[in-house]
Amino acid sequence: KQEARFATSAQMRVALETMSASGPGLSTAKKKMITGIVAACVVALCIAGVVVKSKHDAAEAKAAQVTLEKQKSDLTAQINLKLEEADNAMKTGMDAENDSYEQALMKAYTAYNEAAEIAKKGKTYNIAAPDIAGKQKQVLAALETARTTLLSQAEALEAAGEVATAEKYRERAKNIENFKK
């Protein structure tokens, strides 16, 4: 303090040595009270930090769960869409009276393959896919039946003298063979 000037450094040293450790103006009770208030503030801040962090962690977990559910529902929708597309193509392909019914069967097989690939991704989300492999076998059997039918029709047309039409039927049967490879 400016009011307390000392003539020599020895006087200052003596004054400092005789001064109490608590310093002028602050009693021991006041120091204890200030220390208690500071400690209470530190504890309150720590508790507030823990509460905020736990709420933040809960919000992150909920956001992750929502994201997971959205991905799961998106994959399920994709699988169902491909299966519906494949089923419709298979219905069209099972009608032998339909022109290019074998094309519809090939499209159905391709759609079932795509659905199976999506279903493989869905296994991480525990998505249950219907029996896609069984449907693929049905389509392959129908394709084989279509191939033999087309070849027999080609032979009948060739015997009737319609060689150009018979060649188209053989080409369709060859397309089925190439597709199955």
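No experiment lies behind these values; they were computed from the predicted model shown. (Residues numbered from 1 in each chain as written. Predicted model: local features only at pLDDT ≥ 70, side-chain atom pairs only at ≥ 80, totals over all residues. Heavy atoms only, no water.)

Further remarks concern helix α5 (residues 163-180). For α5, built from 18 residues, the straight-helix expectation of 26 Å at 1.5 Å per residue is met to within 8% by its first-to-last C-alpha distance of 26 Å. Every buried residue of α5 is accounted for by Ala166, Arg172, Ala173 and Ile176. Projected down its long axis, α5 shows its buried positions confined to an angular sector of 115°, all on one face. Among the exposed residues of α5, those oriented more than 90 degrees off its buried face are Ala164 and Lys168. Buried-residue contacts for α5 involve α3 (101-122) and α4 (132-159). (Helix = DSSP H or I, 4+ residues; strand = E, 2+ residues; numbered from the N terminus. Expected span 1.5 Å × (residues − 1). Buried < 20%, exposed > 50% of the residue type's maximum accessible area, 1.4 Å probe, protein only. Arc of directions from axis to C-beta. Contact = heavy atoms within 4.5 Å.)

Another point: the pattern of salt bridges. Under the defined criterion, the tally for this structure stands at 11 salt bridges. The shortest N-O distance in the salt bridge between Arg172 and Glu102 comes to 2.8 Å. Taken together, the residues Arg172 in helix α5 and Glu102 in helix α3 connect sequence positions 70 residues apart. With respect to burial, Arg172 and Glu102 carry one shared label: buried. Linking Glu158 and Arg170 is a salt bridge whose minimum nitrogen-to-oxygen distance equals 3.2 Å. Linking Glu158 in helix α4 with Arg170 in helix α5, this pair joins segments that are 12 residues apart in sequence. Several salt bridges converge on common partners, so that one network encompasses Glu144, Arg147, Glu177 and Lys180. (Salt bridge = Lys/Arg side-chain N within 4 Å of Asp/Glu carboxyl O.)

Taken together, Ile34, Val38 and Val42 make up a surface patch of nonpolar side chains, about 250 Å² in accessible area. For Ile34, the location among the structural elements is in helix α2 (residues 28-93). (Patch = residues over 30% accessible without salt bridge, like charges linked within 9 Å, V, L, I, M, F, W, Y side chains within 5 Å. Areas by Shrake-Rupley, 256 points an atom, 1.4 Å probe, with all protein chains shown as cover.)

Applying the stated criterion across every chain, the model contains one aromatic pair. Note that Arg172 overlies the ring of Tyr169, its terminal NZ or CZ placed 5.3 Å from the centroid. (Phe/Tyr/Trp six-rings, centres within 6.5 Å; stacked < 30°, edge-to-face > 60°. Lys NZ or Arg CZ within 6 Å of the ring centre and 35° of its normal.)

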